[in-house]
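So the chains spell out like this:
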Amino acid sequence: MWGAYAGRISPVQFSLTLSVEFVAIILIGGAGTIAGTLMGSMFVELIPEVVKKLTEKLSTKLDGGLLEPLANVLLTNNSAGSDFGPISINATSPGWPMSVFLWNLVIYGVLIVAFVIFEPLGLYGIWLRFRNYWKGWPFSY
């Protein structure tokens, strides 16, 4: 659809990250279903925003107060303060601590593996179980 809108497509515009996102959308949402693909695309598009907002919230909390929350000390790493956390607030290069962009890729990988192992039907399978439970709720056995 985007190619029809833009009028041309170049291979440079499609990276490995985009391919990983497409695979994550299909496997997390539920392969073979349109509703699962829609659920997966909403879920995969929300993950980077949640990680970004969480990192922003943690980075603003680092600068204030005498009692820093334990999550700030354990999760974030800024070049001026603590050097313990795995999420870098100021990182622009790959390595440890990892930037927010690299954490999104790690989250995609973990979710793909978890859904393939524990929930092969994806979010659509979870929806089916939830729907079927409530359809026969008073007499479910």
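Here the structure is shown first, and the text comes after it.
Here we summarise the structure given alongside this text. It should be emphasised that the depicted structure is a prediction, and the values quoted were computed from it without experimental measurement.

**A look at the overall build of the chain**
Stage number 1. From N to C terminus, the chain includes six helices and two strands.
Stage number 2. Going residue by residue from the N terminus, the α and β elements of the chain occur as α-α-α-α-β-β-α-α.
Stage number 3. Taking all 141 residues of the chain together, 26% fall into the buried category.
Stage number 4. By element, 71% of the accessible surface of the chain is carried by carbon and sulfur atoms, the whole surface being about 10,100 Å².

**What to know about the nonpolar core**
Stage number 1. In this structure, Ala24, Ile25, Ile28, Val44, Ile47, Val51, Tyr108, Leu111, Ile112, Phe115 and Leu123 together form the largest nonpolar core, which totals 11 residues.
Stage number 2. Within the residue set of this core, elements represented by two or more residues are α2 (16-29), α3 (34-62) and α5 (100-118).
Stage number 3. Top contributing element to this core by residue count: α5, with four residues.
Stage number 4. Ignoring any residue separated from it by four or fewer positions in sequence, one finds Phe115 in contact with Leu27, Ile28, Pro120, Gly122, Leu123 and Ile126.

**Describing α2**
Stage number 1. With 14 residues, α2 ought to run about 20 Å at 1.5 Å a step, and its terminal C-alpha atoms sit 20 Å apart, in line with that.
Stage number 2. Of all the positions in α2, only Glu21, Ala24, Ile25, Ile28 and Gly29 are classed as buried. Taken around the axis of α2, the buried residues stretch over an arc of 105°, which confines them to a single face.
Stage number 3. Just beyond α2, the residue with positive phi is Gly30, at close to 125°.

**A closer look at the packing of aromatic side chains**
Stage number 1. One pass over the structure, following the stated rule, counts three aromatic pairs.
Stage number 2. Seen in terms of ring centroids, Phe130 and Trp134 are 6.4 Å apart; in terms of plane orientation they differ by 65°. Their pairing is edge-to-face. One end of the pair, Phe130, and the other, Trp134, are both in helix α6 (residues 122-135), four residues apart, so they sit about a helical turn from each other.
Stage number 3. Members of the aromatic cluster, joined through ring pairs, are Trp127, Phe130, Tyr133 and Trp134.

The rules behind each value
- Residues numbered from 1 in each chain as written.
- Predicted model: local features only at pLDDT ≥ 70, side-chain atom pairs only at ≥ 80, totals over all residues.
- Heavy atoms only, no water.
- Helix = DSSP H or I, 4+ residues; strand = E, 2+ residues; numbered from the N terminus.
- Buried < 20%, exposed > 50% of the residue type's maximum accessible area, 1.4 Å probe, protein only.
- Areas by Shrake-Rupley, 256 points an atom, 1.4 Å probe, with all protein chains shown as cover.
- Core = buried A, V, L, I, M, F, W, Y, C linked by side-chain atoms within 4.5 Å.
- Contact = heavy atoms within 4.5 Å.
- Expected span 1.5 Å × (residues − 1).
- Arc of directions from axis to C-beta.
- Phe/Tyr/Trp six-rings, centres within 6.5 Å; stacked < 30°, edge-to-face > 60°.

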